[in-house]
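Observations on the model geometry
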Amino acid sequence: MVLAESVHKSFGLVEVLKGIDLQVLPQEVFCLVGPSGSGKSTFLRCINHLEKINAGRLWVDGHLVGYRQKGDKLYELKDSEVALQRRDIGMVFQRFNLFPHMTAIGNVMEAPMQVRKESKAVAYERAKRLLDRVGLADKINAYPSQLSGGQQQRVAIARALAMEPKLMLFDEPTSALDPELVGEVLDVMRGLAEDGMTMIVVTHEMGFAREVGDALVFMDGGVVVESGHPRDVLTNPQHDRTKAFLSKVL
Ligand code: ADP
Ligand code: MG
């Protein structure tokens, strides 16, 4: 579903991704962990076309991100073509970024109606189903300010799902939540995983990584330090940098 080959990304003179190689298989829950500043968010943003890589190759679902390949030549995609590629990718951020003036169901209906020109009735039915799936059937008419952080994040997940993505990116989805609200969001993510969604999850929740993750990559300083099955990496880390990080978060 995702293939990164020697992905480099700099901001000015600062190289943030220094050659990332990894692959994410369909239906895999792929956990990306590492200290603050190691480049995790930047990597997700590259996958989602929010940043452009400087060197290397990045494929999502068989398509080269941002380019069309003809023979051995590459052509940069037009904005409209980029938008098409992005549609298949859902993203959930640490801050939920819901539209404050819209109800929960309004938030979930918005993109299908605006982007896919879906009718209100069709968008409504799907949004209702998705809010039910994230456990918010009784909150469809609530505004974000009337919802807890955990509920808002679940609306944000439903909103991302409304575009029927092939790949979901989660960037520290529980880091901004009070501890007692973390579980309800992780439960929704666990359900998604069970339904076969391909997910890349940046998280410090090592319990989730261990129980739900199929693969784990430890990143530090813009490189992949270590990767493997979460159980193996978490119980038997090979590198000192991984050990040092895990001793702080476990
Ligand atoms: P992580 O998500 O692992 O904490 P980030 O990908 O957010 O790390 O950031 C990696 C590094 O890139 C940090 O040093 C950060 O300051 C820098 N960085 C991220 N985005 C930008 C940007 N738009 N401009 C300049 N530097 C950035
Ligand atoms: Mg980050």
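Shown above is the structure to which this text applies.
Quick summary incoming for the structure in this document. Keep in mind that this is a model prediction, so the values were computed, not measured.

1. What to know about the state of the cysteines
Put plainly, a disulfide is one covalent bond tying together the sulfur atoms of two cysteines. In total, this model carries zero disulfides according to the counting rule given. Free cysteine: C31, not disulfide-bonded; nearest cysteine sulfur from C46 at 20 Å. Look at C31 and you get buried, because its relative accessible area is 0%. For C46, a relative accessible area of 1% puts it in the buried group.

2. Observations concerning the layout of surface pockets
By volume, the largest pocket amounts to about 600 Å³. Forming the walls of the largest pocket are 22 residues, and the residues nearest its centre are R86, I89, M91, A111 and M163. Listing elements by their share of the lining of the largest pocket, those giving two or more residues are helix 2 (79–87), strand 8 (89–92), helix 3 (104–115) and helix 5 (149–161). Residues of the lining of the largest pocket, tallied by class, amount to 14 nonpolar, four polar and four charged. Around the second largest pocket sit 19 residues that line it, and K52, I53, V65, G66 and Y67 are the ones nearest its centre. Those elements that provide at least two residues to the lining of the second largest pocket are strand 4 (55–60), strand 7 (73–76) and helix 2. With four residues, the single largest contributor to the lining of the second largest pocket is strand 4. Taken together, the residues that form the lining of the second largest pocket break down as 10 nonpolar, four polar and five charged.

3. Overview of the packing of helix 4 (residues 120–133) against helix 5
At a minimum axis distance of 9 Å, the contact between helix 4 and helix 5 shows a crossing angle of 135 degrees. With respect to each other, helix 4 and helix 5 are oriented oblique. Taken as a pair, helix 4 and helix 5 cross one another with a handedness that is right-handed. Together, L130, L131 and R133 of helix 4 and V155, A158 and L161 of helix 5 make up the contact between the two elements. Here the residues of the contact of helix 4 with helix 5 are counted per class, giving five nonpolar, no polar and one charged.

Reading the values: the criteria
- Residues numbered from 1 in each chain as written.
- Chains lettered and ligands numbered in written order.
- Predicted model: local features only at pLDDT ≥ 70, side-chain atom pairs only at ≥ 80, totals over all residues.
- Heavy atoms only, no water.
- Disulfide = S-S within 2.5 Å.
- Buried < 20%, exposed > 50% of the residue type's maximum accessible area, 1.4 Å probe, protein only.
- 1 Å grid on protein atoms, 1.4 Å probe; cavity = no way out; pocket = protein on both sides within 12 Å on 5 of 7 lines; lining within 4 Å.
- Points joined across faces, edges and corners; volume = space filled by probe spheres on them.
- Helix = DSSP H or I, 4+ residues; strand = E, 2+ residues; numbered from the N terminus.
- Nonpolar A, V, L, I, M, F, W, Y, C, P; charged D, E, K, R; others polar.
- Axes fitted to C-alpha atoms, helices over the stretch in contact; angles between N-to-C directions.
- Parallel < 35°, antiparallel > 145°, perpendicular 65-115°, else oblique.
- Left-handed = near helix turned anticlockwise from the far one by under 90°.
- Contact = heavy atoms within 4.5 Å.

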